[in-house]
Amino acid sequence: MRTPASRTSDGPASAIMRQWIYGALFIALAALLIATGEDLGRHLDGLEHWIGGLGAWVFAAYAALFLVASSLLVVLISRVADRALEGTLAGGGQG
């Protein structure tokens, strides 16, 4: 388990810098997703044609994609929840 930033030798300034870096990365990722989403919107007809050409494999592809995406989402949520509790009484930060 990671130690809270206030307990590291770097001090609170390092924790503030990390928060700014995470915020900047979040904004960059959001901008990338928006730009990619707009580009994907231009190719929806081709994507629909490709999906329609899969035939009976559409259901298997959907199930595989759903399993992979939901597994990644569970991992992401568990990491976010773990970091959210860090440094609190519920996360064991005191003591």
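Residues numbered from 1 in each chain as written. Predicted model: local features only at pLDDT ≥ 70, side-chain atom pairs only at ≥ 80, totals over all residues. Heavy atoms only, no water.

A. Main features of the overall build of the protein. Tallying secondary structure elements over the protein gives three helices and zero strands in all. Helices (α) and strands (β) of the protein occur, in sequence order from the N terminus, as α-α-α. About 8,200 Å² of surface is accessible on the protein, with carbon and sulfur atoms providing 72% of the total. (Helix = DSSP H or I, 4+ residues; strand = E, 2+ residues; numbered from the N terminus. Areas by Shrake-Rupley, 256 points an atom, 1.4 Å probe, with all protein chains shown as cover.)

B. View of the confidence of the model for the protein. Of the residues in the protein, 77% reach a pLDDT of 70 or more, and the chain-wide mean stands at 78. Across the protein, helix α3 (residues 57–85) holds the top mean pLDDT of 85, while helix α2 (residues 44–52) sits lowest at 82. (pLDDT = per-residue confidence, 0-100.)

C. Summary view of the packing of aromatic side chains. Applying the stated criterion to the full structure yields one aromatic pair. Judged by centre distance (6.3 Å) and plane angle (25 degrees), the ring pair of Y62 and F66 falls under stacked. Residue Y62 and its partner F66 are located together in helix α3, separated by four residues, close to a single helical turn. On the basis of relative accessibility, which here comes to 60%, the residue Y62 falls in the exposed class. (Phe/Tyr/Trp six-rings, centres within 6.5 Å; stacked < 30°, edge-to-face > 60°. Buried < 20%, exposed > 50% of the residue type's maximum accessible area, 1.4 Å probe, protein only.)

D. Structural view of a nonpolar patch on the surface. Together, I16, M17, W20, I21, Y22 and L25 line one region of the surface with nonpolar side chains, adding up to about 690 Å² of accessible area. Checked against the element boundaries, M17 lands in helix α1 (residues 12–41). (Patch = residues over 30% accessible without salt bridge, like charges linked within 9 Å, V, L, I, M, F, W, Y side chains within 5 Å. Salt bridge = Lys/Arg side-chain N within 4 Å of Asp/Glu carboxyl O.)

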